[in-house]
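Inside the fold
Chain by chain, the residues:
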Amino acid sequence: MCKLAISLLFSLFSLSLFAQQTGSLQGRILSKDSLPISNASIRLLNTEKGGISNVNGHFSINGLFTGKYQIELSAVGYTQKVLAVDIVAGEQKETDYYLDQAVNYLDEVVVSAEKYEEKLQKIPVAISAFTSREIAEFRLWSLQEITGLVPNLYSSNPGDNRNATSIRGIGTTSYDPAVATYVDGVNQFNLDTYIPQLTDVERIEILRGPQGTLYGRNAMGGVINVITKKPGNKTTAFLELNVGNYGQQRYTAGFKTPIIAGKLFAGVAIQYQSRKGYFTNLYTQDDFDGQNVLTGNYYLKYIPSAKWSITANIKHVNNRNKGAFTLAPDKETAFREPYTVNQNAIATMQDDIFNASLSVNHYGKSFNFSSQTAFQSNFRIYDKPLDGDFSPLDIITIFNNYGNKYNKVNVWTEELKFSSPATHEGRLTWTAGGFFFFQDNPVKQATGFGAQAPLFGIPDSNFSVISTNKGKSQGLSLFGQANYALTEKLSLTLGIRYDYENKKLAIEGEYLKEPNPPITVLPDTSSSNNYSAFSPKLALTYSPTENQLFYLSYSRGYRTGGLTQLASDPSQPPLFSYDPEFSDNFEAGWKNTWFQNRIRLNLAAFITKVSQAQVPTLVLPDAITVIQNAGTLLSKGFELELEARPLKGLELQYNFGYTDAEYTRLRLSQNGQEVNLDGNKQIFTPSSTSMLVAQYSFPLKIKKPVRLVVRGEWVHLGNQFFDLANTIEQESYSLLNARFGLMFKRFDIFFWGRNLGQEKFIAYAYDFGGVHLGDPRTYGLTVSLRLSQ
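Residues numbered from 1 in each chain as written. Predicted model: local features only at pLDDT ≥ 70, side-chain atom pairs only at ≥ 80, totals over all residues. Heavy atoms only, no water.

**A short note on the overall build of the protein**
- When helices and strands are counted, the protein shows four helices and 51 strands.
- A compact globule built from 789 residues should have a C-alpha radius of gyration of about 28 Å, and the protein, at 27 Å, falls within 12% of that.
- Across its three principal directions, the C-alpha atoms of the protein cover 90 × 80 × 50 Å.
- Residues counted as buried form 56% of the 789 residues belonging to the protein.
- When contacts within the protein are restricted to residue pairs at least 6 apart in sequence, long-range pairs at least 24 apart make up 67% of them.
- Accessible surface, the protein as shown: approximately 32700 Å² in total, 59% of it carbon and sulfur. (Helix = DSSP H or I, 4+ residues; strand = E, 2+ residues; numbered from the N terminus. Rg over C-alpha atoms; globule rule 2.2 N^0.38 Å. Buried < 20%, exposed > 50% of the residue type's maximum accessible area, 1.4 Å probe, protein only. Contact = heavy atoms within 4.5 Å. Areas by Shrake-Rupley, 256 points an atom, 1.4 Å probe, with all protein chains shown as cover.)

**Observations concerning the pairing of strand 19 (residues 248-260)**
- Where strand 18 (residues 236-244) lies against strand 19, nine bridges are found, and the strand directions are antiparallel. Opposite Gly244, over in strand 19, you have Gln248 as the bridge partner.
- Linking two consecutive strands that pair antiparallel, namely strand 18 and strand 19, is a turn of three residues; a positive phi of about 55° is found at Tyr246 within it.
- The sheet contact formed by strand 19 and strand 20 (residues 264-275) spans eleven bridges and is antiparallel. Across the sheet, the residue bridging to Gly254 is Ala269, located in strand 20. (Pairing = 2+ DSSP bridges.)

**Some points on the sheet that holds strand 11 (residues 153-156)**
- Ordered in space as 11-12-13, the three strands form an open sheet in which the pairing is antiparallel. A strand with exactly one partner marks an edge of an open sheet, and here the two such strands are strand 11 and strand 13 (170-171).

**Topic: the nonpolar core**
- Phe130, Ile204 and Ile206 are the most contacted members of the largest nonpolar core, which totals 69 residues.
- With 19 residues, the next largest nonpolar core counts Ala40, Phe65, Tyr69 and Tyr97 among its residues. (Core = buried A, V, L, I, M, F, W, Y, C linked by side-chain atoms within 4.5 Å.)

**A look at the pattern of salt bridges**
- Tallied over the full model, the rule gives 42 salt bridges.
- Measuring nitrogen to oxygen at the nearest pair gives 3.8 Å for the salt bridge that ties Lys81 to Asp100. One end of the pair, Lys81, is in strand 6 (residues 81-87); the other, Asp100, is in the loop between strand 7 (94-99) and strand 8 (110-111), and 19 residues separate them in sequence.
- Between Arg380 and Asp351 there is a salt bridge, with its nearest N and O atoms 3.1 Å apart. Of this pair, Arg380 sits in strand 27 (residues 368-382) while Asp351 is found in strand 26 (residues 349-363), placing the two residues 29 residues apart along the sequence.
- Residue class for Arg380 comes out buried when judged on its relative accessible area of 6%.
- One connected set of salt bridges, linked through shared partners, spans Asp107, Arg133, Glu137, Arg645, Glu651, Arg711 and Glu713. (Salt bridge = Lys/Arg side-chain N within 4 Å of Asp/Glu carboxyl O.)

**Observations regarding the sheet that holds strand 16 (residues 201-208)**
- Pairing within the open sheet is mixed, and its five strands lie in the order 10-16-17-14-15. Of all strands in the sheet, those bounded by a partner on one side alone are strand 10 (126-131) and strand 15 (186-187).
- In this structure, strand 16 lies alongside strand 17 (residues 222-228), joined through seven bridges in antiparallel fashion. Residue pairing for strand 17: Arg203 is matched across the bridge by Ile227.

**Some details on the packing of aromatic side chains**
- Across all of its chains, the model carries 31 aromatic pairs by this definition.
- Consider the rings of Phe390 and Phe768, whose centres lie 6.1 Å apart with planes at 5°: the pair is stacked. With Phe390 in the loop between strand 28 (386-387) and strand 29 (396-399) and Phe768 in the loop between strand 49 (762-765) and strand 50 (771-773), this pair connects stretches of sequence that are 378 residues apart.
- Taking the relative accessible area as the measure of exposure, Phe390 reaches 15% and is therefore buried.
- With a centroid separation of 5.7 Å and an interplanar angle of 10°, the aromatic rings of Phe550 and Trp590 are classed as stacked. One end of the pair, Phe550, is in strand 35 (residues 548-559); the other, Trp590, is in strand 38 (residues 581-594), with 40 residues separating them in the sequence. (Phe/Tyr/Trp six-rings, centres within 6.5 Å; stacked < 30°, edge-to-face > 60°.)

**A closer look at the environment of Arg208**
- Within the element layout of this structure, Arg208 appears in strand 16.
- Its relative accessible area of 2% is what places Arg208 among the buried residues.
- In the structure, Arg208 is positioned 494 residues away from Ile702 in sequence and 45 Å away in space, judged by C-alpha atoms.
- When residues no more than four places from it in sequence are discounted, the contact partners of Arg208 are Val125, Ala126, Ile127, Ser128, Val150, Pro151, Ile167, Arg168, Gly221, Glu587, Glu639 and Glu641.
- Separated by 3.3 Å, the side chains of Arg208 and Glu641 make a polar contact. (Polar contact = N/O pair within 3.5 Å; in protein donor to acceptor, adjacent residues only side chain to side chain.)

**Some points on unusual backbone geometry**
- Following Glu514, the chain continues to Pro515 via a peptide bond in cis, the omega torsion being 10°.
- On the secondary structure map, Pro515 appears in the loop between strand 33 (490-512) and strand 34 (519-545).
- Non-glycine residue Asn218 carries a positive phi angle of around 65°.
- Secondary-structure assignment places Asn218 in the loop between helix 3 (212-215) and strand 17.
- Exposure remark for Asn218: the relative accessible area of 2% places this residue in the buried category.
- The backbone of Asn726 sits at a positive phi, close to 60°, despite the residue not being glycine.

**Some remarks on the confidence of the model for the protein**
- Looking at the protein as a whole, its pLDDT mean stands at 90, while 95% of the residues score no less than 70.
- Long-range and interchain partners of residues 1-19, a stretch whose pLDDT sits below 50, account for one contact in this model, where long-range means more than four residues apart. (pLDDT = per-residue confidence, 0-100.)

**Points about the side chain of Gln481**
- Position of Gln481 relative to the elements: it lies in strand 32 (residues 463-485).
- Among the polar contacts made by the side chain of Gln481, one reaches the side chain of Glu114 at a distance of 3.4 Å.

**A word on a nonpolar patch on the surface**
- On the surface, a nonpolar cluster with roughly 760 Å² of combined accessible area is contributed by Leu239, Leu241, Val243, Tyr251, Ile270, Tyr272, Leu294, Phe747, Leu785 and Leu787.
- Contributions of two or more residues to the nonpolar patch are made by strand 18, strand 20 and strand 51 (778-788).
- With three residues, the top contributor of residues to the nonpolar patch is strand 18.
- Its place among the elements puts Leu239 in strand 18.
- Since its relative accessible area comes to 38%, Leu239 is described here as partly exposed. (Patch = residues over 30% accessible without salt bridge, like charges linked within 9 Å, V, L, I, M, F, W, Y side chains within 5 Å.)

**Focus on the side chain of Gln291**
- Its location among the elements puts Gln291 in strand 23 (residues 291-305).
- Residues contacting Gln291, with those up to four places away along its chain left out, are Gly159, Asn161, Gln273, Ser274, Arg275, Asn319, Arg320 and Asn321.

**Here's the deal with the environment of Leu99**
- Relative to the helices and strands, Leu99 is located in strand 7.
- Along the chain, Leu99 and Ser31 lie 68 residues apart, while their C-alpha atoms are 5.3 Å from each other.
- If near-sequence neighbours (up to four positions away) are discounted, Leu99 is found in contact with Ile29, Leu30, Ser31, Lys32, Ile37, Leu73, Ser74, Ala75, Tyr78, Thr79 and Lys81.

**Considerations on the environment of Glu643**
- Tracing the chain through its elements places Glu643 in strand 40 (residues 624-647).
- The exposure class assigned to Glu643 is buried, which follows from its relative accessible area of 17%.
- Distance from Glu643 to Lys322, taken between C-alpha atoms, is 41 Å for residues 321 residues apart in sequence.

Right, dumping it as structure tokens:
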């Protein structure tokens, strides 16, 4: 028996050693002319493994589990390429890998859209992606600026940086968004903790259509995934300076370096941005909406072994906005007196966002594992009473500066995820995990009624109604998704997610007429409710060739329910519970790459039915949104994305999206009566979006390598409405942008212009009539410097 036990232990030990056998990846990175490419990046997808080529193009990556990997090859001035490699134990074979010049071919873009790195063209989802190079070429400074650049996407805000984003007619109409935004894997939980600024970004991914299975609550319209640049084994630094009209200044600097080669890395990126106001306040004759924003992103990464990595990340945004709500009282005034306001109560908005996360990743032979713990905080106040009637009269003001105890949102999240290893060789790939959160949202706000309030039917003057709303929510979700290759060309995707959430809201109302102390008119009372949902997904994918993919999919979306806050209007009862919103989405798509990656064409068609639609009503003067489940929405349309490199140095890009989003049933309660709005169009949803880009670059015949780049962009948005009654309409319009300049090896200088035709258009409007115009013509100069060791 003893010998048998020893033999068994020896066998298990031998099997363990065999299972842990490793190999290496070695080779050279060369140009098509067989010249070595130095400083090229070699990265194994879904691992922490990678390397940098030396001056001779050589690289070596050791300690790899045996099996098949996908590797990403990239270098400045060359097209990014993704290749399959097979790692064999003990093999020391070197392989030459060739990269094409970027002016000739399209990049093979890698995305993590399904929480697993894969080529964009291999994923059965409608996805748009912007690489770091494209972010610079489009001159994207904020997520709001991707409006029209992505088919059927619209994003705007009334001037306070709370972007309301809509994809395919599914839009953000409350503090619970319908389009989820993730920054470095952290869910930007609501519009308060949301970071729209783009600082040192590696990639932006936009998933169109419900993504409830992997991303859960509030991803009904889609997901925006922002990935910033992380430190590695190469020391790099950059500096970018921007100046423009309206006193625009934007300075960005970054530095990344290994502290201990292969073990410990650090990175920092800091950005300061300011400008004078686009709008003039007629009451003071001064510019109104000047802004100063400081943004920071800090990394510390530790790799204790080949299987583990730990990353700590801190982000912050500190915004000072000297005119947060640049609203004209109505559409006619907005276009008659463009870029003006007339407000007597002027305040500066202090908006401070802090995000911190700790990510632990394990890369194994059998599975990968990740844990991401995050904390998000937002403190948003007005330093003085803010104009609530948007006029020079002393009627209504809003005040919320009650110290750090109130108007500070805190969110804690945790995601645990298991997935297939990087070396999976079977038919099955999978992802599974859990998500947990807790949110604390205490809000205290006073609505002040001034000396002229009685002239507008208010029975008293010089008093305030103080509303206190203390909200807490907590929840969890479990999710799983698997892809199984039925045949070499046909695969099936199945997914399911369960979400549970508990919301609690405590309210208190007070009446204040100074110098008397406040009088409680509504004692502290509370209510709570639970919400849950199952979100399934089913997709069938057919790939007749390596460069072609067809897919059919069904997915279900879910936006959580909630409780109505206390407002100064007694006709709007607080603690009213509204139900979750659900969507059923059917989609068909076709992805193609032709002519050795010179042309890429992606098509998608969709139909989405939204039941128990959450319909917003803005309660004035508090600016609180009341939600009702009042309708059923049907949205259908199609999308086209085309990229081409027809000639050396010439890049062409065209996108088109069409959306017909209509309420098949919409009944609202107004002034005690039910109003039938059946057949009305969805808000924040252009009937079409279109974009055409042409860029041409060519080398100049001087001693040092330099390219001249000329670029033009045309963006068109169709008719859209901003209120459910469809009375505030913006007709179709077009925007022209341009960029031209010189690119050196480490230095660029570019002139740029946006909205060159000075098009005046409604970017945002409220159902009470207040209108915010989109940005006027802006232009400027960008100088950037890149350094690497």
